[in-house]
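Okay, here's what each chain looks like letter by letter:
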Amino acid sequence: MIAREVARTRPDLVKKVFTLCTPVIGGPTYTLAAGYWGKQACQDIAEKVRTLDENTPIKQPVVAFFTKNDGVVSWPACIDQYSDEVTHYEVNSSHSAIGFNWHVWEKIYEMM
């Protein structure tokens, strides 16, 4: 999420964004952390993120990896519908293992 916001606010510093099971809608709303944040905070964060995406979409290419076996982040929350240059890749992995998945690293290396 930090890489996305750096790309949004300092596009001169970012060539491409790669995300791994990153919720791009709803903030923590569609994660296991939602209960910790509480309903009102989740709604406030979701609105802020939506406003940012609508008013200042990310212009750099985004490569978004997601898994339907996540268990931490609801996979539909990883689907970026605001960035013009986004490519989504579904990976067979768990949330915590996606950073060690060789298919992910092969694709990242290919796209760099």
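Notes on the structure in this doc start here. Going along each chain's sequence as written, the residues are numbered from 1 onward. Only residues with pLDDT of at least 70 get local features here, since the model is predicted, and only at 80 or more are side-chain atom pairs given and counted; chain-wide, interface and lining totals rely on the full set of residues. Note: side-chain values were computed over all heavy atoms of the structure, leaving out hydrogens and water.

Describing the nonpolar core
Then comes step 1: In this description, a nonpolar core means a group of buried Ala, Val, Leu, Ile, Met, Phe, Trp, Tyr and Cys residues linked to one another through side-chain atoms lying within 4.5 Å. Using a 1.4 Å probe on the protein chains alone, a residue whose accessible area is under 20% of its type maximum counts as buried, one over 50% counts as exposed, and one in between counts as partly exposed. Core analysis: the biggest nonpolar cluster contains eight residues, these being Cys21, Val63, Phe65, Val91, Ile98, Val104, Ile108 and Met111.
Then comes step 2: Numbered from the N terminus, helices here are DSSP runs of H or I no shorter than four residues, and strands are runs of E no shorter than two. Where this core is concerned, the elements lending two or more residues are strand E2 (62-66) and helix H4 (102-111).
Then comes step 3: Take this core: its biggest share by element is three residues, from H4.
Then comes step 4: Any two residues whose heavy atoms approach within 4.5 Å are treated as being in contact. Ignoring any residue separated from it by four or fewer positions in sequence, one finds valine 91 in contact with Phe65, Phe66, Thr67, Ile98, Asn101 and Val104.

A short note on the layout of surface pockets
Then comes step 1: By volume, the largest pocket amounts to about 170 Å³.
Then comes step 2: Grid spacing is 1 Å over the protein atoms alone, the probe is 1.4 Å, and a cavity is where that probe fits but cannot get out, while a pocket is an open set with protein on both sides within 12 Å along at least five of seven lines and lining residues have an atom within 4 Å of a point. Taken together, Met1, Arg4, Glu5, Arg8, Pro23, Val24, Gly27, Pro28, Ile45, Val49, Leu52 and Asp53 make up the full set of residues lining the largest pocket.
Then comes step 3: Here the lining of the largest pocket gets four residues from one element, more than from any other, and that element is helix H3 (residues 39-55).
Then comes step 4: Under this grouping Gly is polar, as are all residues other than the nonpolar Ala, Val, Leu, Ile, Met, Phe, Trp, Tyr, Cys and Pro and the charged Asp, Glu, Lys and Arg. Class assignment for the residues of the lining of the largest pocket results in seven nonpolar, one polar and four charged. Grid points are joined across faces, edges and corners, and a volume is the space filled by probe spheres set on the points.

Considerations on the pattern of salt bridges
Then comes step 1: A pairing counts as a salt bridge when a side-chain nitrogen of Lys or Arg comes within 4 Å of a carboxyl oxygen of Asp or Glu. Within this structure, the stated rule accounts for eight salt bridges.
Then comes step 2: Between arginine 50 and glutamate 47 there is a salt bridge; the shortest N-O distance is 2.4 Å. Placement of both arginine 50 and glutamate 47 in helix H3 is noted, with a separation of three residues, approximately one turn of the helix.
Then comes step 3: With relative accessibility at 31%, the residue arginine 50 sits in the partly exposed group.
Then comes step 4: Judged by relative accessible area, which is 38%, glutamate 47 ranks as partly exposed.
Then comes step 5: Salt bridges sharing common partners tie together Arg4, Glu5, Arg8, Asp53 and Asp80.

Let's talk about the packing of aromatic side chains
Then comes step 1: We call Phe, Tyr and Trp rings a pair once their centres come within 6.5 Å, taking the six-membered ring for Trp, and we label the pair stacked below 30 degrees between planes, edge-to-face above 60, and tilted otherwise. Inspection of the entire model under this criterion finds three aromatic pairs.
Then comes step 2: Taking 5.5 Å as the distance between ring centres and 20° as the angle between the ring planes, the aromatic pair formed by phenylalanine 66 and tryptophan 75 counts as stacked.
Then comes step 3: Given the relative accessible area of 31%, tryptophan 75 is considered partly exposed.
Then comes step 4: Between the NZ or CZ atom of lysine 68 and the centre of the ring of tryptophan 75, over which it lies, the distance is 4.6 Å. Sitting over a ring, as applied to charges here, requires NZ of Lys or CZ of Arg to be within 6 Å of the ring centre and within 35 degrees of the ring normal.

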